[in-house]
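Topology and contacts: notes
Each chain, written out:
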Amino acid sequence: MKSNKSSLYRGMNSKVGDFLVNRLIPFDTIRSIGSIVFLDHLYPVNLQYENSPIPLGNFAHPHRGIATLSYVLSGSLSHYDSKGNYDIISTGGMQWMKAGNGIVHDEKPFTTEKDGPFFHSLQFWINLPGVNKKEKPEYIAIQSGDVQEIELPDHSGAIRILVGKFGVWASPVPTFNEEFIYHIRLNPNSMFSFKPHKSHQVAAFVPSVGVNINKTFVGNSKMLILEDRTKEIIFQNDKIKTADILLFGGAPYTEPIVAEGPFVMNSYSESAAAYGDFFAGAYGNIDYEANLNK
């Protein structure tokens, strides 16, 4: 991604199973921001306390070459995969899965009375360097209370470190190309200033309550891509509600990007091999019953 000036993107609606999402990346000429090659915003949906965490298996699907990060803004999300990993995260929690050389996984959004009826989430795909695409899969579930959260100056809000480092603080999620994802919660009538690394590509996504970002108003599931070498990003919330901002990016991804379906590889031959290995059963199958008994 190269940008000579800041650009506002609204994304495009897409269906993922029964859910409507806004796909922000990839979009138009935007193939990646740093190593992040995919961003879906699942709009808030009323599941009416659909409280079963068990998927039917209809939407189990493979990945290779990436790490996925699912972040729950409200509701709960279960995870099952073909390597025997199983867990449930709730509001404010996240799950990271390194697909590496191949995995099949399934996720089930649900809600409980404790959550409230609405499910609302984001999913990022982080493109792995070529050498890491050959590694074995890994999975980490992080509950809300275990996410590093730092108070911002002047009672202006808080920043949650989902991926990467912020000052002396760091997320437990592994990184490969200086990638970072922060969740900024900006209080009413507040501002926050952030100075990104000069070589990083940076974007900000605002799911709902609008804020001004370097004097551009961003809100309602829109994304602002900051111009190259932006020295300072100023977030200003003039509303009387707390605003959420997802700030993300990292060092430019310099290897070729071949994204085809659920696989992101460095060449078409690698992509063909990813499909071939999946159809040959090399990624394994999900044992739902075994996971439930853990």
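The structure under discussion appears in the preceding block.
Because the structure is predicted, anything quoted here is derived from the model rather than measured.

This paragraph deals with the packing of aromatic side chains. Here the distance between the centres and the angle between the planes together describe a pair of aromatic rings. Under the counting rule described, the total for this entry stands at 16 aromatic pairs. Note on Phe166 and Phe194: the rings are 6.4 Å apart at their centroids and 20° apart in plane angle, and the pair reads as stacked. Taken together, the positions of Phe166 in strand 15 (residues 165–166) and Phe194 in strand 18 (residues 190–194) put the pair 28 residues apart, joining distant regions of the chain. For the ring pair Phe278 and Phe279, a centre distance of 5.2 Å and an interplane angle of 55° mean the geometry is tilted.

All right, on to the side chain of His79 then. The residue His79 is located in strand 7 (residues 76–81) in this model. A distance of 2.8 Å separates the side chain of His79 from the side chain of Asp81, its partner in a polar contact. Excluding residues within four positions of it along the chain, His79 makes contact with Asn85, Tyr86, Asp87, Gln95, Met97, His105, Asp106, Glu107 and Tyr139.

Once that is clear, we can look at the sheet that holds strand 20 (residues 211–213). Pairing is antiparallel across the open sheet formed by four strands, whose spatial order is 18-23-20-21. In this open sheet, the two strands that pair with only one neighbour each are strand 18 and strand 21 (216–218). With strand direction ignored, the average angle separating the axes of adjacent strands in the sheet is 25°. Across five bridges, strand 18 lies against strand 23 (residues 233–237) in antiparallel orientation. Residue pairing for strand 23: Phe192 is matched across the bridge by Phe235.

Attention now goes to the sheet that holds strand 5 (residues 61–63). Taken together, four strands build an open sheet; the order of strands is 5-10-7-8 and the sheet is antiparallel. The sheet terminates laterally at strand 5 and strand 8 (86–90), the two strands that pair on one side only. Shown here is a sheet whose adjacent strand axes are inclined to one another by a mean of 30°, direction ignored. Two elements, strand 7 and strand 8, share five bridges in a ladder whose sense is antiparallel. Note that in strand 8 the partner of Leu77 across the bridge is Ile89.

Between its terminal C-alpha atoms helix 1 (residues 268–279) stretches 17 Å, which fits the 16 Å expected from 12 residues at 1.5 Å a residue. Phi for Gly281, located one or two positions after helix 1, is positive at around 85°.

Our focus in this paragraph is the pairing of strand 23. In strand 23, alternate side chains face the same way, and those of Ile233, Phe235 and Asn237 are buried while those of Ile234 and Gln236 on the opposite face are not. Where strand 20 and strand 23 come together, two bridges link them in antiparallel fashion. Bridge assignment links Asn212 to a residue of strand 23, and that residue is Gln236.

Where strand 3 (residues 19–25) and strand 4 (residues 36–46) come together, four bridges link them in antiparallel fashion. Residue pairing for strand 4: Asn22 is matched across the bridge by His41. Bridge count for strand 4 against strand 11 (residues 118–127) is eight bridges, and the pairing is antiparallel. The partner of Ile36 across the bridge, within strand 11, is Ile126.

Our next topic: the pattern of salt bridges. Tallying each qualifying case throughout the model produces six salt bridges. One salt bridge connects Glu138 with Lys98, and the closest N-O pair in it is separated by 3.0 Å. Linking Glu138 in strand 12 (residues 138–142) with Lys98 in strand 9 (residues 94–98), this pair joins segments that are 40 residues apart in sequence. Overall, the relative accessible area of 35% leaves Glu138 in the partly exposed class. Asp244 serves as the salt-bridge partner of Arg185, at 3.2 Å between the closest nitrogen and oxygen. Taken as a pair, Arg185 in strand 17 (residues 180–186) and Asp244 in strand 24 (residues 243–250) lie far apart in primary sequence, 59 residues in all. One salt-bridge network, in which partners are shared between bridges, spans Lys98, Glu135 and Glu138.

About the cut-offs
- For every chain, the first residue of the written sequence is number 1, and numbering continues from 1 along that sequence.
- Residue-level local features of this predicted model are given only where pLDDT is at least 70; pairs of side-chain atoms are given and counted only at 80 or more, and the full residue set underlies all totals for whole chains, interfaces and linings.
- Where side-chain values are given, they derive from all heavy atoms of the structure, hydrogens and water being excluded.
- Note on ring pairs: Phe, Tyr and Trp rings are taken, using the six-membered ring of Trp, and paired if centres are within 6.5 Å. Classes follow the plane angle, with under 30 degrees stacked, over 60 edge-to-face and the rest tilted.
- We count a stretch as a helix when DSSP gives it H or I for four or more residues in a row; a strand needs E for two or more, and each element gets its number in order from the N terminus.
- Counting of polar contacts relies on pairs of N or O atoms within 3.5 Å, with two restrictions inside protein: one atom must be capable of donating a hydrogen and the other of accepting it, and residues adjacent in sequence are counted only when both atoms are side-chain atoms.
- By definition, residues are in contact when any of their heavy atoms lie within 4.5 Å.
- Only when DSSP finds a minimum of two bridges between them are two strands counted as paired.
- Working convention: axes come from line fits to C-alpha atoms, limited for helices to the stretch in contact. Angles between N-to-C directions cover 0 to 180 degrees.
- One less than the number of residues in a helix, times 1.5 Å, gives the span that helix is expected to have.
- Note on exposure labels: buried denotes an accessible area under 20% of the residue type's maximum, exposed denotes more than 50%, and partly exposed covers the range between, all computed with a 1.4 Å probe on protein chains only.
- Counted as salt bridges are all cases of a side-chain nitrogen of Lys or Arg within 4 Å of a carboxyl oxygen of Asp or Glu.

Geometry only, nothing functional implied.
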